[in-house]
Amino acid sequence: MAVVRFGVSLEKELLESLDKIINENQFSNRSQAIRFLIKSNIVKSKWESNSIVAGSITLVFQHHKSDLLQSITDIQHQYHEEILSSQHFHLDHDNCLEVIAVRGKAKRLNELADKLKGVKGINHGGITMSQSG
Ligand code: NI
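Within each chain, residue numbers correspond to sequence positions counted from 1 in written order. Totals for whole chains, interfaces and linings use every residue, but because this is a predicted model, local features are given only for residues with pLDDT of at least 70 and side-chain atom pairs only at 80 or more, for both listing and counting. Think of the side-chain values as coming from all heavy atoms in the structure, minus any hydrogens and water.

Asks: Can you lay out the coordination of the nickel ion for me, pointing to particular residues and giving the numbers?
Replies: Donors, by definition, are the N, O and S atoms found within 2.8 Å of a metal, the threshold being 3.2 Å for Na, K and Ca, and water is not counted, so a site can look incomplete. The nickel ion binds to the protein through His 88 (NE2), His 90 (ND1) and Cys 96 (SG), with metal-donor distances spanning 2.1 to 2.4 Å. Note on classification: 1.4 Å probe, protein chains only; a residue is buried when its accessible area is under 20% of the maximum for its type, exposed when over 50%, partly exposed between these limits. On the basis of relative accessible area, His 88 is assigned to the partly exposed category, the value being 30%.

Asks: Quick one: what's the story with the sheet that holds strand β3 (residues 95-105), residue by residue and with numbers?
Replies: Strand pairing follows a simple DSSP-based rule, namely that at least 2 bridges must link the two strands. Helix and strand definitions follow DSSP, with helices as H or I runs of at least four residues and strands as E runs of at least two, each counted in order from the N terminus. Taken in spatial order, the four strands line up as β2-β3-β1-β4 in an open sheet, and their pairing is antiparallel. Strand pairing shows two members of the sheet lacking a second neighbour, β2 (83-90) and β4 (122-131), which therefore form its edges. Sheet twist, expressed as the mean angle between neighbouring strand axes with direction ignored, is 15 degrees. Summarising the sheet, strand β1 (residues 52-62) and β4 pair through nine bridges and their orientation is antiparallel. In the strand pairing of β4, Ala 54 is matched with Ser 130. Axis definition: a line fitted to C-alpha atoms, over the contacting stretch in the case of helices. Angles run 0 to 180 degrees between N-to-C directions.

Asks: Give me the pairing of β3: which residues, what numbers.
Replies: Note on strand geometry: in a regular strand, side chains alternate between the two faces of the sheet. In terms of strand pairing, β1 meets β3 through 11 bridges, oriented antiparallel. Counted as the bridge partner of Thr 58 is Val 99 from β3. When β2 meets β3, the two strands line up antiparallel, connected through seven bridges. Looking at β3, one finds that Gln 87 is bridged to Val 99. The turn joining β2 and β3, which pair antiparallel and follow one another in sequence, is formed by four residues.

On their own, these measurements won't tell you what the molecule is for.
If you want it as structure tokens, here you go:
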């Protein structure tokens, strides 16, 4: 992809905010930070407009809670068209981590994440969305 250079005029305070973002995220320069912010904005608007996005759902739970595994399997089957893959990790004797890669309409992915997080016994859950291509 061709790279185009352009000048940006910013208020001093905004530039300081940009440099703070650079420090916090360890970006190597302002261009990288601006690129990141633009892309985040694009993903956010795709998410809000219910476009196709890709992402991952992360769940942490105790596997021996009754019916939990059956419930999360049932829910995943309802959304088989959105689920690309899932991986289960046994963290220790009691705790499991499940990472589910998803792609589909943002609203439907949120709905799936909410249903999974709502299962009794799930200790923590979250969704991260990114561009689908
Ligand atoms: Ni496990």
